[in-house]
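# Notes for the structure review
Spelled out, the chains give:
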Protein chains: 2
Amino acid sequence: MNRQALSREKVAGLLRQHGITPTHQRIEIAHALFERGEHLSADRILALVNARHAETSKATVYNTLKLFLKKKLIRELIIDPAKVVYDPNTAAHHHFYDVVTGKLTDVPADDIRVSGLPPLPKGTVAEGVDIIIRTRPQS
Amino acid sequence: MNRQALSREKVAGLLRQHGITPTHQRIEIAHALFERGEHLSADRILALVNARHAETSKATVYNTLKLFLKKKLIRELIIDPAKVVYDPNTAAHHHFYDVVTGKLTDVPADDIRVSGLPPLPKGTVAEGVDIIIRTRPQS
DNA sequence: GGGCTGAATTAGACGAAGTCCAGGGTTTGT
DNA sequence: ACAAACCCTGGACTTCGTCTAATTCAGCCC
Ligand SMILES: [Mn+2]
Ligand SMILES: [Mn+2]
Ligand SMILES: [Zn+2]
Ligand SMILES: [Zn+2]
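Residues numbered from 1 in each chain as written. Chains lettered and ligands numbered in written order. Predicted model: local features only at pLDDT ≥ 70, side-chain atom pairs only at ≥ 80, totals over all residues. Heavy atoms only, no water.

### Looking at the protein's contact with DNA strand C
- Taken together, 19 residues are adjacent to DNA strand C, and Lys58 of chain A together with Thr23, Gln25, Glu55 and Thr60 of chain B come closest.
- Near the protein, within 4 Å, the atoms of DNA strand C are sugar or phosphate in 72% of cases.
- At a separation of 2.9 Å, a base oxygen of DNA strand C approaches a polar side-chain atom of lysine 58 of chain A.
- A distance of 2.7 Å separates a phosphate oxygen of DNA strand C from a polar atom in the side chain of threonine 60 of chain B.
- Taken together, the elements giving at least two residues each to the surface near DNA strand C come down to α4 (58-70) and β3 (83-87) of chain A together with α2 (24-36) and α4 (58-70) of chain B.
- Looking at the surface near DNA strand C residue by residue, the classes come out as five nonpolar, seven polar and seven charged. (Near = heavy atom within 4 Å. Polar contact = N/O pair within 3.5 Å; in protein donor to acceptor, adjacent residues only side chain to side chain. Helix = DSSP H or I, 4+ residues; strand = E, 2+ residues; numbered from the N terminus. Nonpolar A, V, L, I, M, F, W, Y, C, P; charged D, E, K, R; others polar.)

If you want it as structure tokens, here you go:
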């Protein structure tokens, strides 16, 4: 999706559109996610943001990711038992997950239909559906 | 599924059928899972097994769950970021997950059809599909 | 029974992900 | 300029899970 250098200004605009005050640290974190368009873990983001020179603390990375999540700027994926992964793609989509390599691949939700679901448990309403297709390297 | 008292002997037989030497600790752990038929976390199992008098260590609980997993006696569910949950139901099925209460409910896979999936990534083969329907308490 | 041997169990140290807090800095509004 | 609100930070802390080295146990043979 996001090809080419993504300017800090555009990222700041994106944050404002979501009601997030764009601070230096928040811009760097959002930039790391949206420039790559990849699924990233918190510690990976921490490393990326501090690659040139240290400028963002661990606490801020975690706080910021939770803020982005609440403002629906990003999604959270619980797939690997060892770490949560953050997804800059908030369009409806699903994932291939290679259980050996750990690689995650997006699956557009466009044509996907799920039929035969039973009614929801009493007193609950649907929030969304996550489909994970587990794969492994051939033979 | 498993109603009524489930005897230790039957559990031992189940373990043998899966190529697992039935030790005292393994029988207790399997018993905890299969008698209830519920989704349980490792620490919950540790507490259950040691409820009367301490007899099983944390290391053994983790070792044993991984063994059961390898022998396909149980399944592992990665849904809650904070803890892995073990599922004594190995029949094909999916889950409702209440994002507020954390409650997990089985969804039989019988009538469920997923259509429109794109081809798998090159060089991978399918392992299985997990569907999680996220719900929340009404209003 | 009494040893022998590999498998199973254990306490407790360790590692990694994530949370929390109190203090200090920065922005905003007037 | 001043206060209030907001933001960031180091580092202690919690929790889940893993690892290791030492012990115990189970099955087997004599
Ligand atoms: Mn992480
Ligand atoms: Mn646990
Ligand atoms: Zn994705
Ligand atoms: Zn289940």
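### Here's the deal with the protein's contact with DNA strand D
- Close to DNA strand D lie 20 residues, the nearest being Thr23, Gln25, Glu55 and Thr60 of chain A together with Tyr62 of chain B.
- For DNA strand D, the backbone makes up 73% of the atoms found within 4 Å of the protein, where backbone means sugar plus phosphate.
- Arginine 26 of chain A is positioned such that a nitrogen or oxygen atom in its side chain is 3.3 Å from a phosphate oxygen of DNA strand D.
- In the model, a phosphate oxygen of DNA strand D is placed 3.1 Å from a nitrogen or oxygen of the serine 57 of chain A main chain.
- Those elements that provide at least two residues to the surface near DNA strand D are α2 (24-36) and α4 of chain A together with α3 (42-49), α4 and β3 (83-87) of chain B.
- Partitioning the surface near DNA strand D into residue classes produces six nonpolar, seven polar and seven charged.

### What to know about the domain arrangement of chain A
Residue and element names in this part refer to chain A.
- Parsing chain A into structural domains produces domain 1 (8-86) and domain 2 (91-135).
- With centres defined by C-alpha atoms, the gap from domain 1 to domain 2 works out at 23 Å.
- Taken together, the six residues of domain 1 in the interface contact eight residues of domain 2.
- Both sides together, the interface formed by domain 1 and domain 2 hides about 620 Å², and carbon and sulfur atoms give 59% of it.
- When the buried area of domain 1 at its contact with domain 2 is split by residue, His39, Arg75 and Ile79 rank highest and sum to 79% of it.
- For aspartate 130, the salt bridge is made with arginine 75, and the minimal N-O distance between the two is 3.7 Å.
- Scanning the region where domain 1 abuts domain 2 turns up three residue pairs in polar contact (both at pLDDT 80 or more).
- Looking at the side of domain 1 that touches domain 2 element by element, the count peaks at four residues for strand β2 (residues 75-80). (Domains from an automatic or database assignment. Contact = heavy atoms within 4.5 Å. Buried area = accessible area lost by both parts, 1.4 Å probe. Salt bridge = Lys/Arg side-chain N within 4 Å of Asp/Glu carboxyl O.)

### A closer look at the coordination of the zinc ion (ligand 4)
Residues and elements named next belong to chain B.
- Distances from the zinc ion (ligand 4) to its protein donors, His39 (NE2), Asp87 (OD), His93 (NE2), His95 (NE2) and Asp106 (OD), fall at 2.0 to 2.3 Å.
- Sequence positions of the residues that donate to the zinc ion (ligand 4) give the spacing H-x47-D-x5-H-x1-H-x10-D. Of this pair, histidine 95 sits in strand β4 (residues 93-98) while aspartate 106 sits in strand β5 (residues 104-108); the two residues are eleven residues apart in sequence, bridging distant segments of the chain. (Donors = N, O, S within 2.8 Å, 3.2 Å for Na, K, Ca; no water.)

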